[in-house]
Every structure is written in structure tokens, then in C-alpha cells.
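Read off the chains here:
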Amino acid sequence: MNRREALQRAAWVLGYTVSIPALSQVLEACQSRPDLAFSPQFLKPEQAGLVAEVAEIIIPKTDTPGAKDAGVPQFIDILVKDCYTKEDQDNFLNGLAEFDKGAKDAYGDAFLDLDAAKQVEYVTKVHGEVIEAAKAPEFREKPRPFMHIMKELTVVGFFTSQPGATQVLQYDEVPGAYKGCIPLAEVGKTWAT
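Once a new chain begins, its residue numbering starts again from 1 and follows that chain's sequence as written. Per-residue local features are limited, in this predicted model, to residues with pLDDT of at least 70; the limit for side-chain atom pairs, both in listing and counting, is 80 or more; totals at the level of whole chains, interfaces and linings are taken over all residues. Hydrogens and waters are ignored; side-chain quantities use all the structure's heavy atoms.

Draft legend 1. Structural context of the packing of helix 3 (residues 45–58) against helix 7 (residues 146–159). Remark: helix 3 packs on helix 7, axes separated minimally by 10 Å, with the N-to-C direction vectors making an angle of 70°. Between helix 3 and helix 7, the angle is such that the two are roughly perpendicular. Within the contact between the two elements, helix 3 uses V51, V54, A55 and I58 and helix 7 uses M147, M150, K151 and T154. Counted by class, the contact of helix 3 with helix 7 contains six nonpolar, one polar and one charged residues. The convention used is that axes are lines fitted to C-alpha atoms, helices contributing only their stretch in contact, and that angles between N-to-C directions extend from 0 to 180 degrees. Going along the chain from the N terminus, every DSSP run of H or I of four or more residues is numbered as a helix, and every run of E of two or more is numbered as a strand. The scheme is simple: roughly parallel for angles under 35 degrees, roughly antiparallel for over 145, roughly perpendicular for 65 to 115, oblique for anything else. Contact definition: two residues touch when any of their heavy atoms are within 4.5 Å. Polar here means any residue outside two lists: the nonpolar Ala, Val, Leu, Ile, Met, Phe, Trp, Tyr, Cys and Pro, and the charged Asp, Glu, Lys and Arg; Gly therefore counts as polar.

Next comes the structure, spelled out in C-alpha cells:
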């Protein structure tokens, strides 16, 4: 039985006393949102979901793990809670809210309610705006934009995680001799340690 059929049967049983606004709320609540793989300590679940989706867009799963697989959203949640000052926490949360509001303004829906293609399009657009703004000399005098912070936290979280360090970067638990200056072509890719 699908959702529409269940609603029709429920309306029939209730004698069609279910109002149209109530039905629209039920249908709106049934939109699928990605499940969190962790319990956020600092962020609210919806904020953590937004952080998780943006991080996954920045480092998607390919033949190597993505940001979610590496635990980046949890890393960001803990880092902002434990290491950021109150002012920096507020700036992060305000930036997150502005990011979501920008998605609503641009597409008419919250970021998490957009389909995957629109989410990628919006993140790409906001990232492009940050890149352009960074070219201005006064960029360093202003607070860092949310997308700049989010990208930095995602990259640091990913490459310090076990999957990022062992599956993407080269990793040797017991390194051999130290060779300080060799061409990257000889190594193949960057080392984690």
C-alpha cells in the first residue's frame, strides 16, 4: 500500500473529516530527509543534517569514501562545540541559517528539501560567490563567509579521518627512511603522515 492509498483509506474511515491543511501537513512531513549517522552534541538535528549534506557535496563518495562515511559532520559538530569561542559558534550558526535562507530565497524550499541537483547547484553558486569575494582586498577584514569555514572544516575533518588518511592519502604505519625533498611524481600522491 502506498502513502496516497493509506491517506485515502484513513480519510474514508474518518468520514472525510480530515481537513485539507492537515493532509498537506502530513504530505509535507513525509518528504524524505537524510538520516543522521550520529547524535549531534551542539547542532540541532536539522542543522546537523544541513552540515552533513553540504560536507558530502564538498567531498562526495566516489571510489573512495565521502565526507559522511569519514564522520566529517560529527567532527564539525564536536569541533564547533569544543573548540570555537561563543562568538565563533554564533557566527557559524548565523552563517548556517543564512545559507539555508538563501536556498529558500533562491528555490522556494529549505536546503534539505531541495533535490540533490539543486543542492549541488546552490552550493556551487555560493562557493563561486565566496571565490569572487576573496579577490577583493577588503575580504580579509570581514568575517569569513560560512562556505569558506564549511569547506575548511570539511577538508580538515576528512583528511584527518581514518578513511581520508588511509584510503585517499598514502599511509604507512611504520615509515621507512626520511626523504625530505623528492618530486611528487616519484611518490604518486600526498602522504598522510
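Draft legend 2. Up close: the nonpolar core. Side-chain atoms within 4.5 Å are what join buried Ala, Val, Leu, Ile, Met, Phe, Trp, Tyr and Cys residues into a set we call a nonpolar core. Buried, partly exposed and exposed residues are distinguished by accessible area as a fraction of the type maximum, computed with a 1.4 Å probe on protein chains only: under 20%, between the cut-offs, and over 50%, respectively. Counting residues in hydrophobic clusters, the biggest one holds 31 residues, and the most contacted among them are V54, I76, F92, F99, F111 and M150. Mapped by element, the contributors of at least two residues to this core are helix 3, helix 4 (72–83), helix 5 (86–107), helix 6 (116–134) and helix 7. Here the element with the most residues in this core is helix 7; it accounts for six residues.

Draft legend 3. Fine view of the packing of helix 3 against helix 5. Close contact between helix 3 and helix 5 brings their axes to 11 Å; oriented N to C, the two are set at 75°. With respect to their mutual orientation, helix 3 and helix 5 come out roughly perpendicular. For the pair formed by helix 3 and helix 5, the contact residues are Q47, L50, V51 and V54 on the first element and F92, L93, L96, F99 and D100 on the second. When its residues are assigned to classes, the contact of helix 3 with helix 5 shows seven nonpolar, one polar and one charged.

Draft legend 4. Representation of the packing of aromatic side chains within the structure. For this analysis, a ring pair means two rings from Phe, Tyr or Trp (six-membered ring only for Trp) whose centres lie within 6.5 Å, classed as stacked if their planes differ by under 30 degrees, edge-to-face if by over 60, and tilted for the remaining angles. Inspection of every chain in the model, using the stated rule, returns seven aromatic pairs. For the pair F92 and F146, a centre-to-centre distance of 5.5 Å together with 55° between the ring planes defines the contact as tilted. Residue F92 is found in helix 5, and its partner F146 is found in helix 7; the two are separated by 54 residues along the sequence. Aromatic pair F158 and F159: ring centres 5.0 Å apart, planes at 85°, arrangement edge-to-face. Owing to a relative accessible area of 2%, F158 belongs among the buried residues under this scheme. Look at F159 and you get partly exposed, because its relative accessible area is 32%.

Draft legend 5. Spatial organisation of the confidence of the model for the chain. Averaged over all residues, the pLDDT of the chain is 82; the fraction at 70 or higher stands at 78%. In predicted models, pLDDT denotes the confidence assigned by the predictor to each residue on a 0 to 100 scale. Predicted confidence is poor over residues 16–32, with pLDDT under 50, and the contacts of this stretch with residues over four places away or in other chains come to eight contacts.

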